[in-house]
Amino acid sequence: MSASKKLPVVVDDRPSAAPDGSAVPTGSLALRSRPGDVRHVGWSLGNYCNARCAHCYSWQVRQSPRVLTRADVDRILGELVRTGVRTANLGGNEPLFTDGPDPRRTLLPYIVERLAAAGITVGITTNGTTARWMARHAPEAFDHVAEWHMSVDSPFPAEHDANRGGNYFELVQRAMGEARRRGATISLAYCVMKGNCSDAHADALLDLAAREGVELRVNTLKPTDPHHGELMPSAREVFAFYGRLVRRSEPLVVGESVLAGRWGLPSEGCPCGTTSLRIHSITDDGRVPVSPCVFLHDLAVGDLLTQSLDELTATAPFQAMRARREDLPAPCRARACGRETTCRAGCAARTLLVTGTLDAQDPYCPADAPDAEVAEALPCAVVVRPERIRVHERYLCTFVARPREVEAGEEV
C-alpha cells in the first residue's frame, strides 16, 4: 500500500444497484446527512510542534509562521456555537503552541474556557507537554478539559522516543501523573503502524494502560505522506492487533466500521464529512480551511474566518463523503456481503489515500481476506457497553477500550 498525493475526489454517480441489476432502495441504506449536520470537530490550533514524529500526518500543512489572533478564535468559536457543535478535540500540532514555540503567548486556556462555557465538550491530544504546562500554569482551564489523550507510539520507551525524536515517554508518564492528581479522564492514544502492532506490543500497551488506570484509544495509520506506505500495516496485521486487544479488554467504542460490521455492532459508518470535520491551522495567506477528515489535507476548502460552516459543508468534498457513506461504492453494492449497511464501506480517508478514489471499499475490508484468516485473528462476537459519548466517538474511525484482568488459564 502506498500513499498518493493531490488525490482527486472520484464518486460513482450511478444509481445503486443489486448484483442482479435491480435497483436497491437507497432509503434503506442512506442516512441522508446534510450540510450543517456536523456536531463533532477537531481543531489544529497552530503550526508549531515540539516533537518530530516519523509518522506525522500534518507536518506538510503546518509550515506557515502565521498564528491565530483572539479575534480569529472568537470568529471560529462563534460558528461552532451557532451550528450546534457538541464536541471539539484539540490536536494536530501540540495544542499548547497556538502562537509559535513560546507558551507564554498561548491562547489555549482562553479557547478551552470559551468552548466549555458554550457547553462544548473538550478533548486534548498531547505528547504530554500541553497537559503538564496547563496543570501548572492554567489549572482552571485544565479542569475544563473532559478528556486528555496522551499520545504514545510504542509501550516500549526506547521505541517511542526514537519515533518522536526526544525523551517523550517519560514526559507522557509525568503528564499522566499530574492529570491523575487533578482527577482528569485520561486515555492513551495509539497509532497502529507496521513496527508497533505485534502481540508483544498489544500486550505491553494493555499492561501500560492497566498500570496507569487509563483507557486506550487506537487508530490505524493513514498514509498522508509518500513514505507512510512503508509504515502502513497489512490487513492481516491490523486484524491480529485488534483481535489481541479485544481478548484482553472491554471495548467501549468501535468506530472502525469494518470491525463493527464484522462483530455485528451498530454503526453509521465513517463519520468524516457527515457528522464531523477538521478545522486546520491558519495558512500563509491567513485562511483557516476545513476538510471532511483530519487526514485529507488535499480536500481542505474555504476559510472559516470569512465563510460559514453551512457554506463549507455544502462544498464538493463534503458532498462526496456523504454520498459514499449513504449510497455506498460500487464494489460494496455489487458484493452485497450482508454487512454493507453497518460497515458502509469503512474508512473513507484510508480508502481515498490508498486507492485514489472514494468509489472503493476499505482496504481493510474483512471480506477481502480469507475467512479462516479473519476468524483466527478476530473474535466472532464482541460486546460494547458504552457509558457516555466520548470526544472521538463520532469524530474519527477509532477504537476505545478499557484493559481487563485476564482469567487464570484464559487463552489470548
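Note that the coordinates shown come from a computational prediction; the quantities given were computed from them, not determined experimentally.

Cut-off values and rules
- Residues numbered from 1 in each chain as written.
- Predicted model: local features only at pLDDT ≥ 70, side-chain atom pairs only at ≥ 80, totals over all residues.
- Heavy atoms only, no water.
- Buried < 20%, exposed > 50% of the residue type's maximum accessible area, 1.4 Å probe, protein only.
- Helix = DSSP H or I, 4+ residues; strand = E, 2+ residues; numbered from the N terminus.
- Pairing = 2+ DSSP bridges.
- 1 Å grid on protein atoms, 1.4 Å probe; cavity = no way out; pocket = protein on both sides within 12 Å on 5 of 7 lines; lining within 4 Å.
- Points joined across faces, edges and corners; volume = space filled by probe spheres on them.
- Nonpolar A, V, L, I, M, F, W, Y, C, P; charged D, E, K, R; others polar.
- Contact = heavy atoms within 4.5 Å.
- Axes fitted to C-alpha atoms, helices over the stretch in contact; angles between N-to-C directions.
- pLDDT = per-residue confidence, 0-100.
- Polar contact = N/O pair within 3.5 Å; in protein donor to acceptor, adjacent residues only side chain to side chain.
- Left-handed = near helix turned anticlockwise from the far one by under 90°.
- Expected span 1.5 Å × (residues − 1).

**Q** So what exactly am I meant to see when it comes to the pairing of strand E1 (residues 40-44) here?
**A** For a regular strand, side chains alternate in direction, first toward one face of the sheet and then toward the other. Along E1, five of the five residues are buried, which leaves the element largely enclosed by surrounding structure. Here E1 shows two buried faces, one formed by His40, Gly42 and Ser44 and the other by Val41 and Trp43. Sheet topology note: the E1/strand E2 (residues 87-91) ladder contains five bridges and is parallel. Each residue of the ladder has a partner; that of Val41, found in E2, is Ala88. As judged from the four bridges shared by E1 and strand E9 (residues 276-279), these two strands associate in the parallel manner. When the sheet's bridge partners are listed, Val41 is paired in E9 with Leu277.

**Q** Is there a simple way to think about empty space enclosed by the protein in this case?
**A** It is a probe the size of a water molecule, rolled over the atoms, that shows where empty space is left. In this structure the tally under the stated criterion is five cavities of 30 Å³ or more. Within this model, the largest cavity holds a volume of roughly 150 Å³. Lining the largest cavity are 18 residues, with Cys337, Arg339, Cys343, Cys365 and Ala367 positioned closest to its centre. Every element with two or more residues in the lining of the largest cavity is listed here: helix H10 (257-263), helix H13 (330-335) and helix H14 (340-343). For the lining of the largest cavity, a count of residues per class yields eight nonpolar, four polar and six charged.

**Q** I would appreciate a short explanation of the sheet that holds strand E8 (residues 249-254) in the present structure.
**A** The strand order E8-E11-E7-E6-E5-E4-E2-E1-E9-E10 describes an open sheet built from ten strands, whose pairing is mixed. Each end of this open sheet is capped by a strand with a single partner; those strands are E8 and strand E10 (290-291). Along the sheet face, helix H7 (residues 168-181) touches strand E5 (147-152) and strand E6 (186-192) and points at about 165° away from the line of E5. The sheet contacts of helix H9 (residues 235-247) involve E6, strand E7 (215-220), E8 and strand E11 (399-403), and relative to E7 the element is tilted by about 170°.

**Q** For this particular structure, what's the right way to read the confidence of the model for the protein?
**A** Caution is warranted with low-pLDDT regions, since their predicted coordinates should not be read in detail. Residues with a pLDDT of 70 or more make up 89% of the protein, whose mean pLDDT is 86. The low-confidence segment residues 1-30 (pLDDT under 50) makes 67 contacts with residues lying over four places distant or belonging to another chain.

**Q** Help me out: how do you make sense of unusual backbone geometry in this one?
**A** What is expected of a backbone is that most residues other than glycine have negative phi and most peptide bonds are trans. Positive phi, close to 75°, is recorded for Leu328, a residue that is not glycine. Tracing the backbone shows Leu328 in the loop between helix H12 (316-327) and H13. Even without glycine at this site, Ala345 takes up a positive phi of about 75°. Checked against the element boundaries, Ala345 lands in the loop between H14 and helix H15 (348-355). A relative accessible area of 3% places Ala345 in the buried class.

**Q** What is the right way to read the side chain of Thr220 from this model?
**A** Position of Thr220 among the secondary structure elements: in strand E7. A distance of 2.7 Å separates polar atoms of two side chains, one belonging to Thr220 and the other to Arg350. Setting aside its immediate chain neighbours within four residues, Thr220 contacts Cys191, Val192, Val238, Tyr242, Glu256, Arg350 and Tyr364.

**Q** It is not clear to me how the packing of helix H4 (residues 129-137) against H7 should be interpreted in this structure. Could you clarify?
**A** Geometrically, a packed helix pair is captured by the angle between its two axes and the distance between the axes. The N-to-C vectors of H4 and H7 enclose an angle of 40°; their axes lie 8 Å apart at closest approach. Viewed along their axes, H4 and H7 form a crossing whose handedness is left-handed. In this structure, H4 contributes Thr129, Ala131, Arg132, Ala135 and Arg136 to the contact, and H7 contributes Leu171, Arg174, Ala175 and Glu178. Its residues placed into classes, the contact of H4 with H7 shows four nonpolar, one polar and four charged.

**Q** I keep staring at H12 and nothing clicks. Help me out?
**A** The periodicity of an α-helix, 3.6 residues per turn, causes residues three or four places apart in sequence to face the same way. Given a rise of 1.5 Å per residue, twelve residues ought to cover 16 Å, and the 16 Å separating the end C-alpha atoms of H12 matches this to within 8%. For H12, the set of buried residues is Pro317, Phe318, Ala320, Met321, Arg322, Arg324, Arg325 and Glu326.

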